[in-house]
Amino acid sequence: MMDSPRAGTRQPDALGRFGPFGGRYVPETLFTTLERLATQASSFLEDPAFRSALAEELSSWVARPTPLTHARRLGDLWGAELWLKREDLAHTGAHKINNALGQGLLARRLGMRRIIAETGAGQHGVATAAACARLGLDATIYMGAVDIARQAPNVDRMKRLGATVVAVHSGDQTLRAAINEALRDWVSDPEGSYYLLGSAVGPHPYPWLVREFQSVIGKEAREQLLSATGNLPDVAIACVGGGSNAIGLFHPFLGDREVKLLGIEAGGRGTGLGEHAATIARGRPGVLHGCYSQLLQDPCGQIIETHSISAGLDYPGVGPEHAYLASIGRAHYETASDDDALAALDACCRMEGILPALESAHALVGAQRWARSHPGQRILVCLSGRGDKDLPALSQLQESSDEGTPERRSPVEGDPPMKEIRGGAAQSKETLR
Ligand SMILES: *Cc1c(COP(=O)(O)O)cnc(C)c1O
């Protein structure tokens, strides 16, 4: 199901470096733990028994392979041949389960029963809680107090799945603080606990390990597209938060030099500090959470606040392999604004009957833009997750935009707003063009 550690096109060196990026910048107590994890993980990933256990769970519990959908109407609208890799149809609604399940199985093989994880919006927490329940492991999930307040349904889901959710009141009380607390917990018990990191970030071996578990996305998509069309895509596009769905899509195509790779970061509401999460496009190299990569930081090297309409892209760092692929020009990275992502989400809903996650809508913006500059090309997009989780945020945005534009209001006080009969902003603009 996945590349063996030696079979991939590009492997990190012994210290987990991709070019100058990556590495393992952690306290001494964790250094040996991580070193052992790297060794054990690479032997398990090559072990046929482990691989078949993982393959069996991926198929019978996660519902892999996920389909590849030819998005004909949206493609026609944008002027491209558009294919969507449907990670929204994976169990728990996004690609994150591929990694949570893989690492959970690994932890169990290593004899660890207690899993520690962090979560921002709660998606990785839900995937981890589900995988731990399935595998009979205890899950302790750190989550910022601010995020707990914002993401109540996911907190309920985690608890229902049997996880312990720990509220973090330190620091910014969001994802960054949650990662710090999870690391602190781990440092205090590195022998008895397994830290299940949620994206292709952090100290070696995580960026590599997460990539191995997520590469199933690109492997399947490559085979599915070849068998459907006889051809590879002209370009493969994914959104980039920490970078796990993107590296999972990209990695199996790295050796196909003719396939362009395009990552889309959160452009937020502007280019100013704190208005976006465009780490590669606007960051500088530095160390965060044990890893040397591109970061959003102030002139003193302090990490700055980020903004994105999509919680899953709202991280000030990025996986080191992306920093490397950008530096050598193998992959390119652009940004999509909040507004453009909303418009693309709207278009995908109306043209394809698929409600994508706000994160995935950023990748769709990339596809729309690519189609404009390369008409008729074959575009493969990773639809990383489904958008049901975003419905409360979407209706809030709708309400505030209705308030902001009085001419759209119903003329009679108390009448229901006439949302039902209006076309989506994206669609009406596109169809008029
Ligand atoms: C978490 C999440 C992302 C961003 O994480 P990556 O590690 O960059 O893939 C993207 N899409 C969805 C649906 C997510 O839940």
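Our subject is the structure that appears above.
Numbering of residues starts from 1 in every chain and runs along the sequence as written. It should be noted that, the model being predicted, local features are given only for residues of pLDDT at least 70 and side-chain atom pairs only at 80 or more, the latter also being counted only at that level, while totals for whole chains, interfaces and linings use all residues. To obtain the side-chain values, all non-hydrogen atoms of the structure were included, while hydrogens and water were left out.

Caption draft 1: Structural detail: the sheet that holds strand 8 (residues 193–195). A pair of strands counts as paired when DSSP detects no fewer than two bridges linking them. Only runs of H or I of at least four residues qualify as helices and only runs of E of at least two qualify as strands under DSSP, and these elements are numbered from the N terminus. Strand order in this open sheet of 4 strands is 7-6-5-8, and the pairing throughout is parallel. Where the open sheet ends on each side, the last strands, each with one partner, are strand 7 (164–168) and strand 8. Across this sheet, the average inter-strand angle for adjacent strands is 25°, counted without regard to direction. For helices, the fitted axis covers only the stretch in contact; all axes are lines through C-alpha atoms, and the angles between them, taken along N-to-C directions, range from 0 to 180 degrees.

Caption draft 2: Region of interest: the site of the ligand. Neighbouring the ligand are 18 residues; Lys-96, Ser-199, Gly-243, Ser-244 and Ser-384 lie closest to it. Contact between the ligand and Lys-96: an oxygen atom at 2.7 Å from a side-chain N or O atom of the residue. Within 3.5 Å is the distance limit for a polar contact, defined as a pair of N or O atoms, with the added protein rule that one can donate a hydrogen and the other accept it, and that residues adjacent in sequence qualify only through two side-chain atoms. Backbone polar atom of Gly-243 to an oxygen atom of the ligand: 2.7 Å apart, as the coordinates give it. The classification used treats Ala, Val, Leu, Ile, Met, Phe, Trp, Tyr, Cys and Pro as nonpolar, Asp, Glu, Lys and Arg as charged, and all other residues, Gly among them, as polar. Of the residues contributing to the shell around the ligand, the split by class is 5 nonpolar, 11 polar and 2 charged. Inspection of the shell around the ligand shows a minimum of three residues originating in each of domain 1 (14–61 + 95–211) and domain 2 (68–92 + 216–427). Working definition: residue near molecule or strand if any one of its non-hydrogen atoms lies within 4 Å of it. These domain boundaries are the output of an automatic or database domain assignment.

Caption draft 3: Representation of the pairing of strand 9 (residues 235–239). Counting buried positions along strand 9 gives 5 out of 5 residues, so the element sits mostly inside the fold. Relative accessibility thresholds used throughout: buried, under 20% of the residue-type maximum; exposed, over 50%; partly exposed, between the two (1.4 Å probe, protein chains only). Because side chains alternate across strand 9, one face comprises the buried residues Val-235, Ile-237 and Cys-239, and the other comprises Ala-236 and Ala-238, equally buried. Sheet topology note: the strand 9/strand 10 (residues 260–268) ladder contains 5 bridges and is parallel. Within strand 10, the position partnered with Cys-239 by the bridge is Ile-264. Every crossover in which the path from the first strand over the helix to the second runs clockwise, viewed with the strands pointing away from the viewer, is termed right-handed. Between the parallel pair strand 9 and strand 10, the chain is carried across by helix 11 (residues 244–250), and the sense of this crossover is right-handed. Note: strand 9 against strand 14 (residues 378–383), 3 bridges, orientation parallel. What sits directly across from Val-235, in strand 14, is Ile-379.

Caption draft 4: Main features of the side chain of Gln-123. Examined against the element boundaries, Gln-123 turns out to sit in helix 5 (residues 123–135). Taking the relative accessible area as the measure of exposure, Gln-123 reaches 14% and is therefore buried. At 2.7 Å, the side chain of Gln-123 forms a polar contact with the side chain of Asn-154. The contact criterion used is simple: two residues touch if any of their non-hydrogen atoms lie within 4.5 Å. Discounting residues that sit within four places of it in the chain, Gln-123 has contacts with Lys-96, Asn-154 and Lys-389.

Caption draft 5: Broad picture of the nonpolar core. Among the nonpolar cores identified, the biggest contains 59 residues, and Tyr-194 and Tyr-195 are the most heavily contacted of them. Both domain 1 (14–61 + 95–211) and domain 2 (68–92 + 216–427) contribute no fewer than three residues apiece to this core. When near neighbours in sequence (up to four residues on either side) are disregarded, Tyr-195 contacts Gln-103, Ile-116, Ala-117, Glu-118, Ile-179, Ala-182, Leu-183, Trp-186 and Tyr-206. The definition of a nonpolar core used throughout is a set of buried Ala, Val, Leu, Ile, Met, Phe, Trp, Tyr and Cys residues joined through side-chain atoms within 4.5 Å. The next biggest cluster of nonpolar side chains, apart from the first, holds 31 residues, and it includes Ala-238, Val-240, Val-259 and Leu-261.

Caption draft 6: Here's a closer look at the environment of Ala-100. On the secondary structure map, Ala-100 appears in helix 4 (residues 96–109). Residue class for Ala-100 comes out buried when judged on its relative accessible area of 0%. Measuring from C-alpha to C-alpha, the distance between Ala-100 and His-169 comes to 25 Å, with 69 residues separating the pair along the chain. Beyond its immediate chain neighbours, meaning those up to four positions away, Ala-100 contacts Ala-127, Thr-128, Ala-131 and Leu-196.

Caption draft 7: Representation of unusual backbone geometry in the model. Of note, the bond from Arg-64 into Pro-65 is cis; its omega dihedral lies within 30 degrees of zero at 0°. Checked against the element boundaries, Pro-65 lands in the loop between helix 2 (48–60) and strand 3 (68–70). In the segment running from His-204 into Pro-205, the intervening peptide bond is cis, with an omega of 15°. With respect to the helices, strands and loops of the structure, Pro-205 is situated in the loop between strand 8 and helix 9 (206–214). In this model, Ala-63 sits at a positive phi of 80°, which is unusual for a non-glycine residue. Residue position: Ala-63 is located in the loop between helix 2 and strand 3. You can call Ala-63 partly exposed: its relative accessible area is 40%. Even without being a glycine, His-289 presents a positive backbone phi close to 50°. Relative to the helices and strands, His-289 resides in the loop between strand 11 (284–288) and strand 12 (291–295). The class of His-289 is buried, set by a relative accessible area of 10%.

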